[in-house]
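Spelled out, the chains give:
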Amino acid sequence: MTDTIILAIDQGTTSTRSMTFGTDGVPRETVRREFAQHYPQSGWVEHDAEDIWRDTVATLKDAAAADGGKVAAIGITNQRETVVVWDRRTGEPVHNAIVWQDRRTAKLCAALKADGNEPLVRERTGLILDPYFSGTKLKWILDNVDGVRARADRGELAFGTIDSFLLWRLTGGKVHATDASNASRTLLFDIHKGAWDPDMLRMLDIPESLLPEVKNNSTIFGETTSDLLGRAVPIGGMAGDQQAAVVGQACFQRGDAKSTYGTGCFVLLNTGKEAVTSKNGMLTTIAYQLDGEITYALEGSIFVAGAAVKWLRDGLGLINRAADTDDMATKLDGNGGVYMVPGFVGLGAPHWDPDARASITGLTFAATGSHIARAALESVAYQTADLMNAMVADGARDARQIRVDGGMAANDWFCQFLANMLDTDVVRPANIETTAAGAAFLAGMAVGIWNGPDDIAATWKEDRIFEPGMNTKERTALMAGWQDAVDRTRSRKTA
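Here we summarise the structure given alongside this text. (Residues numbered from 1 in each chain as written. Predicted model: local features only at pLDDT ≥ 70, side-chain atom pairs only at ≥ 80, totals over all residues. Heavy atoms only, no water.)

## Some points on the overall build of the protein
Logical step 1: When its secondary structure is counted, the protein shows 17 helices and 23 strands.
Logical step 2: Taken over the C-alpha trace, the protein has a radius of gyration of 21 Å; the compact-globule value for 495 residues is 23 Å, and the two agree within 12%.
Logical step 3: In terms of its C-alpha atoms, the protein occupies a principal-axis envelope of roughly 60 × 55 × 45 Å.
Logical step 4: Taken over 495 residues, the protein has a buried fraction of 64%.
Logical step 5: Considering only contacts in the protein between residues 6 or more positions apart, those separated by 24 or more positions represent 71%.
Logical step 6: Surface exposure of the protein reaches about 18,200 Å², of which carbon and sulfur atoms provide 46%.
Logical step 7: Considering the protein, the positive charge centre built from 50 side chains and the negative charge centre built from 64 side chains are found 2 Å apart. (Helix = DSSP H or I, 4+ residues; strand = E, 2+ residues; numbered from the N terminus. Rg over C-alpha atoms; globule rule 2.2 N^0.38 Å. Buried < 20%, exposed > 50% of the residue type's maximum accessible area, 1.4 Å probe, protein only. Contact = heavy atoms within 4.5 Å. Areas by Shrake-Rupley, 256 points an atom, 1.4 Å probe, with all protein chains shown as cover. Lys, Arg positive; Asp, Glu negative; His and termini not counted. Charge placed at Lys NZ, Arg CZ, Asp CG, Glu CD.)

Listed below in structure tokens is the structure:
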């Protein structure tokens, strides 16, 4: 089967990639395209779904051609919570996609909370009322784009997260479906019953006719149109990016934890068949659903991780490439009391403060660009520590280790600082692109290349283990400085 490959579409927040994988689970070819971000107003973030579709087709074809192997199946993983509404007849979106980072529904979420809805939301969906999730974004499109609600009421429109939109397009409009992991991020899905929740739909005034069918993460969703790759190819796996990384990191046992460092940072801790309810700002989510059986996770969501490094490059011109931050952080003896709180689009877990904005504190004339770069890296580790501490407070067992992936995981200084702040081993896999790998594994399972989680776990290989090397006194002092910076930021937040 050496000429057999699986193709993964990894549709992210700032770029779309297609990657090929061999039957050994090793990545072979990668084709990537960045696309435009749109910011119509402060706190609003949009994507043109046609840009995403164009780049998906281009990267899909180029990756398959570069590899030359026979594509046995396609897997899709995607930026979660981002909302698209499109015409069922033409496939044309009625509005730009509203991105997971978008905060335009903050006032609606506050009103829904004030009306006492949040306890039911948490009970049914495992989420909280925050602009992050899809449901309020969908309601905004229905209420604010001319004619859309009437068209939705007539059954003319379809809603989906990016996975669902791509599936529709790839199958030529034949399949309107999503998977359990993406459904669990919409505010509309009962994660215990595994079904769309009528009370959530009523709360947000959303017609059920808009919604896709919900399926297992590994199943034959449909087939591509033959013009894309010269023949119809089965689409066998779909998962939200963070859940795909759970699969790619082989975190299949209760207590396994992974942290993905892309645009944001997302820590997921496998809680098995138990949906643990958080009292400390964490989310309860579906990690994956296989053969109708749901496995749950506690999740901590940080909105800005790699995006802060991107801002250093594109916004400040402080670095030329992300890797520069490693050298800049290494040459300093300490952080000089400089902290960055990256609340560019508000703060996620455990604070859930949509009105907070970014700050840099502790600046003196001794501070340099290297201090700011280091503060950006440190902020991601501090936020991760906040999440892990909250999970332990919720009764989750301490993670034996945490497996890291995503672009920032390539930074040795960051991984070591993270191990120091978490006081646990940080394990970097040989393949840090585990999101795409997870989508490929799910697709491969659907067509019989892998038989299940044990086969996937057998392909996982470690690159390096970073062991903690900081004393308790120093760690405590750094975390106290971080908490002071967060408190200062939140006290100065702007609407």
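## Focus on the pattern of salt bridges
Logical step 1: Taken as a whole and assessed by the stated rule, the structure comprises 36 salt bridges.
Logical step 2: Across the pair R154 and E156 runs a salt bridge whose closest N-O atoms are separated by 2.7 Å.
Logical step 3: The exposed category is assigned to R154, whose relative accessible area is 53%.
Logical step 4: One salt bridge in this structure joins E299 and R185, with 3.1 Å as the shortest N-O distance. With E299 in strand β18 (residues 293-302) and R185 in the loop between α7 (180-183) and β10 (189-190), the pair connects residues that are 114 residues apart, well separated along the chain. The pair E299 / R185 is uniform in exposure class, with both members buried.
Logical step 5: Linked through salt bridges whose partners overlap, the residues forming this network are R80, E81, R185, D241 and E299. (Salt bridge = Lys/Arg side-chain N within 4 Å of Asp/Glu carboxyl O.)

## Quick word on unusual backbone geometry
Logical step 1: With an omega of -5°, the peptide bond running from A349 to P350 counts as cis.
Logical step 2: One non-glycine residue with positive phi stands out, namely D205, at about 55°.
Logical step 3: Tracing the backbone through its elements, the reader meets D205 in the loop between α8 (198-204) and β12 (213-215).

## Here we look at the nonpolar core
Logical step 1: Of all hydrophobic cores here, the largest spans 137 residues; its most connected members are L138, I141, L188 and V426.
Logical step 2: For this core, the element with the highest residue contribution is helix α13 (residues 369-393), accounting for 13 residues.
Logical step 3: If we ignore the near neighbours within four places in the chain, the residues touching L138 are V83, V85, F159, L188, I206 and L210.
Logical step 4: Membership of the second largest hydrophobic core comes to 30 residues, among which are I162, F165, L170 and F221. (Core = buried A, V, L, I, M, F, W, Y, C linked by side-chain atoms within 4.5 Å.)

## Considerations on helix α6 (residues 162-170)
Logical step 1: Most of α6 is tucked away: nine of the nine residues are buried.
Logical step 2: Buried residues of α6: I162, D163, S164, F165, L166, L167, W168, R169 and L170, and no others.
Logical step 3: Following α6 by one or two positions, G172 has its phi on the positive side, about 65°.

## Section: helix α11 (residues 306-314)
Logical step 1: Those residues of α11 that fall on the buried side of the exposure criterion are G306, A308, V309 and L312. Down the axis of α11, the smallest arc covering the buried residues is 160°, so these residues share one side. (Arc of directions from axis to C-beta.)

## Let's talk about the environment of Y261
Logical step 1: Within the secondary structure, Y261 sits in strand β15 (residues 257-261).
Logical step 2: For Y261, a relative accessible area of 0% gives the class buried.
Logical step 3: Those residues in contact with Y261 that lie beyond four places of it in its chain are V380, T384, V404, D405, G406, G407, M408, F414 and L418.
Logical step 4: Of note is the side chain of Y261, whose polar atom sits 2.9 Å from the side chain of S259. (Polar contact = N/O pair within 3.5 Å; in protein donor to acceptor, adjacent residues only side chain to side chain.)

## What to know about the packing of helix α10 (residues 241-248) against helix α15 (residues 434-446)
Logical step 1: Packing of α10 against α15 leaves a shortest axis separation of 7 Å and a crossing angle of 75°. By the angle class used here, α10 and α15 are roughly perpendicular. On α15, the residues that touch D241, A244, A245, V247 and G248 of α10 are T434, T435, A437, G438, A439, F441 and L442.
Logical step 2: Broken down by class, the residue content of the contact of α10 with α15 amounts to seven nonpolar, four polar and one charged. (Axes fitted to C-alpha atoms, helices over the stretch in contact; angles between N-to-C directions. Parallel < 35°, antiparallel > 145°, perpendicular 65-115°, else oblique. Nonpolar A, V, L, I, M, F, W, Y, C, P; charged D, E, K, R; others polar.)

## Some details on the sheet that holds β15
Logical step 1: Taken in spatial order, the seven strands line up as β17-β18-β16-β15-β21-β22-β23 in an open sheet, and their pairing is mixed. Edge strands, defined here as strands with exactly one partner in the open sheet, are β17 (283-290) and β23 (462-466). On average, each strand axis in the sheet is inclined to that of its neighbour by 30°, with strand direction left out of account. (Pairing = 2+ DSSP bridges.)

Just geometry here; none of it tells us what the structure is for.
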